[in-house]
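# A closer look at the structure
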2 protein chains.
Amino acid sequence: MTTVLIADDQPLQRFGFRMLLESQDDMTVLDEAANGTEAVRKAADLRPDVVLMDVRMPGMDGIEATRRITASGDRTRVLILTTFDLDEYAYAGLRAGASGFLVKDAQPEDLLSGIRAVASGDAVVSPGLTRRLLDAYVHHLPAGTPEATAPDPRLAALTERELEILTVLGKGWTNTEIATRLHLAESTVKTHVGRVLAKTGSRDRVQAVICAYETGLVQP
Amino acid sequence: MTTVLIADDQPLQRFGFRMLLESQDDMTVLDEAANGTEAVRKAADLRPDVVLMDVRMPGMDGIEATRRITASGDRTRVLILTTFDLDEYAYAGLRAGASGFLVKDAQPEDLLSGIRAVASGDAVVSPGLTRRLLDAYVHHLPAGTPEATAPDPRLAALTERELEILTVLGKGWTNTEIATRLHLAESTVKTHVGRVLAKTGSRDRVQAVICAYETGLVQP
DNA sequence: GCCACGGTAGTACCGGGGTACCACGGCCTC
DNA sequence: GAGGCCGTGGTACCCCGGTACTACCGTGGC
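Residues numbered from 1 in each chain as written. Chains lettered and ligands numbered in written order. Predicted model: local features only at pLDDT ≥ 70, side-chain atom pairs only at ≥ 80, totals over all residues. Heavy atoms only, no water.

## Looking at the protein's contact with DNA strand C
Around DNA strand C, 16 residues are found, and the nearest of them are A:R205, B:T159, B:R161, B:A185 and B:H192. Counting only the atoms of DNA strand C that lie within 4 Å of the protein, the sugar and phosphate share comes to 61%. In the environment of DNA strand C, a phosphate oxygen lies 3.0 Å from a nitrogen or oxygen atom belonging to the side chain of B:T188. A total of five residues in the surface near DNA strand C trace back to one element, the largest contributor, which is helix α9 (residues 186-200) of chain B. Looking at side-chain class alone, the surface near DNA strand C contains four nonpolar, seven polar and five charged residues. (Near = heavy atom within 4 Å. Polar contact = N/O pair within 3.5 Å; in protein donor to acceptor, adjacent residues only side chain to side chain. Helix = DSSP H or I, 4+ residues; strand = E, 2+ residues; numbered from the N terminus. Nonpolar A, V, L, I, M, F, W, Y, C, P; charged D, E, K, R; others polar.)

## What to know about the packing of helix α2 (residues 36-46) of chain A against helix α3 (residues 62-71) of chain A
When two helices pack together, their arrangement is given by the angle between the helix axes and the distance between those axes. Residue and element names in this part refer to chain A. Where α2 meets α3, the axes come as close as 9 Å, and the angle between the chain directions of the two elements is 15°. Judged by the inter-axis angle, α2 sits roughly parallel to α3. The handedness of the crossing between α2 and α3 is right-handed. Counting all contacts with α2, which are made through G36, A39, V40 and A43, the residues of α3 involved are A65, R68 and I69. (Axes fitted to C-alpha atoms, helices over the stretch in contact; angles between N-to-C directions. Parallel < 35°, antiparallel > 145°, perpendicular 65-115°, else oblique. Left-handed = near helix turned anticlockwise from the far one by under 90°. Contact = heavy atoms within 4.5 Å.)

## A look at the pattern of salt bridges
In the structure shown here, the tally under the stated rule is 28 salt bridges over all chains. When the shortest N-O distance is used, the salt bridge between A:R18 and A:E22 registers 3.7 Å. Taken together, the positions of A:R18 and A:E22, both in helix α1 (residues 11-22) and four residues apart, correspond to about one turn of that helix. The class of A:R18 is partly exposed, set by a relative accessible area of 23%. On the accessibility criterion, A:E22 (36% relative accessible area) is partly exposed. Measuring nitrogen to oxygen at the nearest pair gives 2.7 Å for the salt bridge that ties B:R116 to B:D26. Here B:D26 lies in the loop between α1 (11-22) and β2 (27-33) and B:R116 lies in helix α5 (residues 108-119), a separation of 90 residues in the sequence. Several salt bridges share partner residues, and in doing so they unite A:R14, A:R18, A:E22 and A:E32 into one network. (Salt bridge = Lys/Arg side-chain N within 4 Å of Asp/Glu carboxyl O. Buried < 20%, exposed > 50% of the residue type's maximum accessible area, 1.4 Å probe, protein only.)

## A look at α2(A)
All names here are of chain A. Burial in α2 covers these residues: G36, A39, K42 and A43. One side of α2 carries all its buried residues, which in axial view fall inside an arc of 130°. Within α2, the exposed residues directed more than 90 degrees away from the buried face are R41 and D45. Where α2 is buried, its residues contact β1 (2-7), β2 (27-33), β3 (50-54) and α3. At the N-terminal end of α2, a side-chain oxygen is found 3.1 Å from the backbone nitrogen of T37, two or three residues along, and the residue is N35. (Arc of directions from axis to C-beta.)

## Thoughts on the side chain of A:T66
Counting through the fold element by element, A:T66 comes out in helix α3. In this structure A:T66 touches A:M53, A:V78, A:I80, A:G93, A:A96, A:G97 and A:A98, once residues within four positions along its chain are discounted.

## Concerning the UniProt feature "modified residue: 4-aspartylphosphate" (unreviewed entry) in chain A
Residues and elements named next belong to chain A. The UniProt entry lists D54 under the feature "modified residue: 4-aspartylphosphate" (unreviewed entry), expressed in the numbering used here. Here D54 is to be found in strand β3. Here D54 is in contact with A7, D8, D9, G62, L81, T82 and K104, once residues within four sequence places are set aside. (UniProt positions renumbered as here; feature names shortened; annotations may be inferred.)

## Regarding the protein's contact with DNA strand D
Taken together, 18 residues sit near DNA strand D, with A:T159, A:R161, A:R195, B:K190 and B:R205 positioned nearest. Each atom of DNA strand D within 4 Å of the protein was assigned to sugar, phosphate or base; sugar and phosphate come to 59%. Backbone polar atom of A:A185 to a phosphate oxygen of DNA strand D: 2.9 Å apart, as the coordinates give it. Between a phosphate oxygen of DNA strand D and a main-chain N or O atom of B:R205, the distance comes to 2.5 Å. Counting residues per element, the ones that place at least two in the surface near DNA strand D are α7 (160-169) and α9 (186-200) of chain A together with α9 of chain B. Residue contributions to the surface near DNA strand D peak at five residues, all from α9(A). Partitioned by chemical class, the residues of the surface near DNA strand D number four nonpolar, seven polar and seven charged.

## Considering the side chain of B:K42
Structurally, the position occupied by B:K42 is in helix α2 (residues 36-46). Excluding anything up to four places from it in sequence, B:K42 contacts B:L5, B:D31, B:E32 and B:R47.

Structure follows, in structure tokens:
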């Protein structure tokens, strides 16, 4: 069950969100807040999974409230909602620690799936902003990916496929899961896993996962 | 009306996508392709608004096909679909010019709204990847993220002994090793491990180790 | 006194994981 | 064409890991 705190200065807006969220089996609205100060206090009090945060509010605004909530150390995630997808708001909100940024004219389903994604630790931003973020990101990293090609000697002997297998081992997948999701026979998976263990000097998949973390192939 | 070309080597998968898309009033499937070469040819021929592109295909893969399609100068956008969100695929695909990257286990509505977003020039990536992109992006900005993670709630329920067990699980120890090195009976170790798994929501010790890394209990 | 909780330990059972081996097609390089 | 590497698949076997119970003993709180 995902618990939500709604922070918005417009009662009618809050009502709409509450109706939408309460119609879902897996969501419940803990409380509402009409400004940033109230949002920070109630977030600390109720420890909701997600705070639905409006940007423009009297007194403390949503950005500052987001900063304080994410700085508190609680697990609470903030999803910022605004009427316009002005970049200044978005970037400021994301730098303040928000897990997402959606425009209010999004489809209800988008809002719901956004809340679910944020609650599970993922991030969500509206498509228009994604485009701009992506451009900025690709522009910032012209050549390679963060971990372009593994420099760690322990992974040097691994083939592409074996690196792939090691990566999904790092996700905690079982052999049968790997088989179905990669469209392979389980015997093939076992062969690959066996070779990964041999080449990385791991006794079992647990040590292989540790190896994956230590080499930076997968990251927490 | 958004025109779409479906590129996937699995006929059943293509059929599913076609059924879903054709059920929408504003979409039409121009044609299908079973590999990258075919996708490039048909994209140049039919000039679809969007190409739904699978990554893994025999012959030319989806990444290379994406590169050629976006390099052609046509207005055609490419939305990459894959079974799992391995970063290598995502980054490679996005660098190849794709406008989006979604995992196949996404909700049908997410796929549809993704196609519409891409067709209108926006970009879409799956929530999990958004998180990582965002982290990388924010990390590149002057103002850092206040990611001060206090003791993770997933570990809150664990007793001292159980934290100890989880820590040595993170070292890759087997049950018998834990037993001898901590001077316990193996049955006791099993009891502890079982409780750790239950409390951390892990299916097996592999997932528990991942949890240990993600919570920062053990570090690479 | 009693109860809850944490740590310890036991038994029984079964499924998945890991090993050892073999095999075949595709691709590359001599 | 021969050989090697890689990815794929198969069979057979054994053991560890995980589950589902139950049980006892301290300690601390009411």
